[in-house]
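Analysis of the macromolecular model
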Amino acid sequence: MSVSIERLDVRRIRSDFPILGREVHGHALRYLDNAATTQKPRAVLDALRDYYERHNSNVHRGVHTLAQEATEAYEGVRTRLGRFLGGVEPRGIVFTRNTTEAINLVARSIVEPRIGSGDEILLTEMEHHSNLVPWIQLAKRTGARLRHVPITEDGRLDLDAFDDLLTDRTKLVAFAHASNVLGTINPVERIAERARAKGALTLLDAAQSIPHMPVDARELGVDLLAASAHKMLGPTGVGFLWGRPELLEEAEPMLGGGEMILEVHLDRATWADLPQKLEAGTPNVGDVVAFGAALNYLEAAGLAAIRAHEVELTGYALERLRSLENLRVYGPEDPEHRSGVISFYDETIHPHDLATMLDLRGIAIRAGHHCAQPLMRRLGVPATSRASFYLYNERADVDALVEGLEEARSYFG
Ligand code: 7TS
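Please read these numbers as outputs of a predicted model, since none were measured by experiment. (Residues numbered from 1 in each chain as written. Predicted model: local features only at pLDDT ≥ 70, side-chain atom pairs only at ≥ 80, totals over all residues. Heavy atoms only, no water.)

**Brief notes about the site of the ligand**
Definition in use: We define proximity as follows: a residue is near a molecule or strand when any one of its heavy atoms falls within 4 Å of that partner. Here a polar contact is recorded for every N or O atom pair within 3.5 Å, except that within protein the pair must consist of a potential hydrogen donor and a potential acceptor, and residues adjacent in sequence are included only if both atoms are side-chain atoms. Polarity classes work like this: nonpolar for Ala, Val, Leu, Ile, Met, Phe, Trp, Tyr, Cys and Pro, charged for Asp, Glu, Lys and Arg, and polar for all others, with Gly in that last group.
Around the ligand, a shell composed of 16 residues is seen, among which T100, D205, S228, R366 and R386 lie nearest. Between H230 and the ligand, the recorded distance is 2.8 Å, taken from a side-chain N or O atom to an oxygen atom. Tallied by class, the residues present in the shell around the ligand amount to three nonpolar, nine polar and four charged.

Here it is, written out as structure tokens:
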């Protein structure tokens, strides 16, 4: 039985985002840079203000009322996030600053203690720098070898190559759920299943998927998962790592200090239980609390409805962009196989010039290497232009983009 999905009420949703009411260079803002960061609904801004106006205190250490309220609010979001991820144990969730910090935590605390020279880490050619550089650094420290799954011409992972590259030497497979450049959605379950059969750990970079579609951490079968709140309507400065608690139990803390200890002597210390063991120092309480409001907002809209909206919008945008001559549009053909991220390249205009011209019409896109320089080299371009959608985008945004693009092409071409 297919479940019918409510359509998003985009007009109502747009009215919840104050920034979407502003103008840029005299034009209504058309915000198409959601892969970089998303805008915040009033509910998130209100939650942040309410926290500081009424509850602000340090957490886990006070008996006074404010300390208890702040602790309850902070820990409440951990529990809330556990439900959001499909019902995982809150003690398997560690708050970080962002996806980048979560991946670095995995490298330092979980992978480094169990890897040595001769071992391999398997990544892909479509990774963001934050899922490349921590492994380059780790390889330098440990002598482990990095391998990379290549991509096909239409921007998918070459799964035959993956099967060949995955060996008994592979200790970790770390990959993006959705590419921030190509939009490709990778077959996580297949990859995780094969990795598990070889005894390798899996780390999913879910920065570009969790905000946009229902994600059930355990159903996907991965061991570890990282994402950023700012890409899911929440504030900057908050991210998280989810891990199988058994794995996090064995983790060696990356940072030492207050909050993460059980007992401290002058010359030795023992660690607190999860998740405090991996959260040294005063956490970003206010932003985590506001992140809770973002999770509520996303669930009220419905992740399946958000996904359906983005598939529809992406299909429309692909159709319009593909009708333009001499424009390279990257990634899989079928919008069902991709997220709401579209990169494109026109020989006649540098992406930065295009982004500047679009900005003059109030249209915000990103131009550059998108923190994926190896992928740019693989595509044979210095940079691409990228439009990326979210729940508040509408066909009129795509129309404005295509019109602006056509104007720029006629100006430069
Ligand atoms: N992984 C992926 C797949 C990403 O797209 C990004 C950010 C990150 C990790 C890092 O997230 P952070 O919150 O730690 O910075 N991607 C982008 C982007 O595509 N444009 O700006 C940031």
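**What to know about a nonpolar patch on the surface**
Keep this limit in mind: In this scheme, patches are assembled from residues that exceed 30% relative accessible area and form no salt bridge. Like charges are connected within 9 Å, while nonpolar side chains (Val, Leu, Ile, Met, Phe, Trp, Tyr) are connected within 5 Å. Values of accessible area rely on a 1.4 Å probe in the Shrake-Rupley scheme; residue burial ignores everything except the protein chains shown. Take a side-chain nitrogen of Lys or Arg and a carboxyl oxygen of Asp or Glu: if they are within 4 Å of each other, that pair is a salt bridge. Helix numbering and strand numbering both begin at the N terminus, where a helix is a DSSP run of H or I of at least 4 residues and a strand a DSSP run of E of at least 2.
A cluster of nonpolar side chains, I261, V264 and W271, forms an exposed patch at the surface whose accessible area comes to about 250 Å². One can find V264 in strand β11 (residues 261-264).

**Overview of the packing of aromatic side chains**
Heads up, the condition is: Here a Phe, Tyr or Trp ring, Trp counted by its six-membered ring, pairs with any other such ring whose centre lies within 6.5 Å, and the pair is stacked when the planes are under 30 degrees apart, edge-to-face when over 60, and tilted otherwise.
Inspection of the entire model under this criterion finds seven aromatic pairs. Where F17 meets Y392, the ring centres are 4.8 Å apart and the plane angle is 65°; that geometry is what we call edge-to-face. Placement of F17 in the loop between α1 (10-15) and β1 (23-24) and of Y392 in the loop between β17 (384-388) and α14 (395-412) is noted, with a sequence separation of 375 residues between them. Where Y411 meets F412, the ring centres are 5.2 Å apart and the plane angle is 80°; that geometry is what we call edge-to-face. One aromatic cluster is present, formed by F17, Y297, Y390 and Y392 through successive ring pairs.

**Points about the pairing of strand β4 (residues 93-96)**
As a reminder of what qualifies: Throughout, exposure labels follow a simple rule: accessible area from a 1.4 Å probe, protein chains only, divided by the maximum for the residue type, with under 20% read as buried, over 50% as exposed, and the rest as partly exposed. In this description, strands pair whenever DSSP reports at least two bridges between them.
Of the two faces of β4, the one lined by I93 and F95 and the one lined by V94 and T96 are each fully buried. Bridging between β4 and strand β10 (residues 239-243) involves four bridges; their strand directions are antiparallel. Each bridged residue has a counterpart across the sheet, and for V94 the counterpart in β10 is L241.

**Digging into the sheet that holds strand β16 (residues 366-368)**
Let me state the cut-off plainly: Convention adopted: a line fitted to C-alpha atoms gives each axis, helices being fitted over their contacting stretch, and angles between N-to-C directions are expressed from 0 to 180 degrees. Whether two residues are in contact is decided by their heavy atoms: any pair within 4.5 Å suffices.
The strand order across the open sheet built from four strands is β13-β14-β17-β16, with neighbouring strands paired in antiparallel fashion. Where the open sheet ends on each side, the last strands, each with one partner, are β13 (327-329) and β16. Neighbour to neighbour, the strand axes of the sheet diverge by 25° on average, direction disregarded. This element, helix α12 (residues 351-359), spans β14 (341-346), β16 and β17 of the sheet and lies at about 160° to β16. Contacting β13, β14 and β17, α14 crosses the sheet at an angle of about 10° to β14.

**Some points on α12**
Think of an α-helix as turning once every 3.6 residues; residues three or four places apart then point the same way. The following threshold applies: It is the directions from the helix axis to the C-beta atoms that the arc portrays.
Residues of α12 that are buried include every one of P351, L354, A355, M357 and L358, and no others. All buried residues of α12 lie within an arc of 160° about the axis, which places them on one face of the element. Where α12 is buried, its residues contact β14, β15 (363-364), β16, β17 and α14.

**Quick word on the pattern of salt bridges**
Counted according to the given criterion, the structure contains 36 salt bridges. Ionic pairing is found between R378 and E125, a salt bridge with its closest N-O pair at 3.5 Å. Placement of R378 in helix α13 (residues 373-379) and of E125 in the loop between β5 (120-124) and α5 (133-142) is noted, with a sequence separation of 253 residues between them. The exposure class assigned to R378 is partly exposed, which follows from its relative accessible area of 29%. For E125, a relative accessible area of 23% corresponds to the partly exposed category.

**Topic: unusual backbone geometry**
The peptide bond linking L274 to P275 adopts the cis configuration, its omega dihedral lying at -5°. Here P275 is to be found in the loop between β12 (269-271) and α10 (285-301). A positive phi is found at H60, a non-glycine position, where the angle reads about 70°. Along the polypeptide, H60 turns up in the loop between α2 (42-55) and α3 (65-84). On the basis of relative accessible area, H60 is assigned to the partly exposed category, the value being 31%.

**Overview of the side chain of N180**
Note on placement: N180 falls in the loop between β7 (170-176) and α7 (188-197). The exposure class assigned to N180 is buried, which follows from its relative accessible area of 6%. A distance of 2.9 Å separates the side chain of N180 from the backbone oxygen of H370, its partner in a polar contact. Ignoring anything within four residues of it in the chain, the contact list for N180 reads H128, Q208, V341, H370 and R386.

**A few points about the packing of helix α4 (residues 99-111) against α5**
Keep this limit in mind: Angles are sorted into four bins: roughly parallel if under 35 degrees, roughly antiparallel if over 145, roughly perpendicular if 65 to 115, and oblique for all others. In this scheme, a crossing is called left-handed if the near helix is turned counterclockwise away from the far one by less than a right angle; it is called right-handed if the turn is clockwise.
Look at α4 against α5: their axes get within 9 Å of each other, and the N-to-C directions meet at 25°. In terms of axis orientation, α4 runs roughly parallel to α5. Where α4 crosses over α5, the handedness of that crossing is right-handed. Of the residues in α5, those touching α4 at I103, N104, V106, A107, R108 and V111 are P134, W135, Q137, L138 and R141. Looking at the contact of α4 with α5 residue by residue, the class counts come to seven nonpolar, two polar and two charged.

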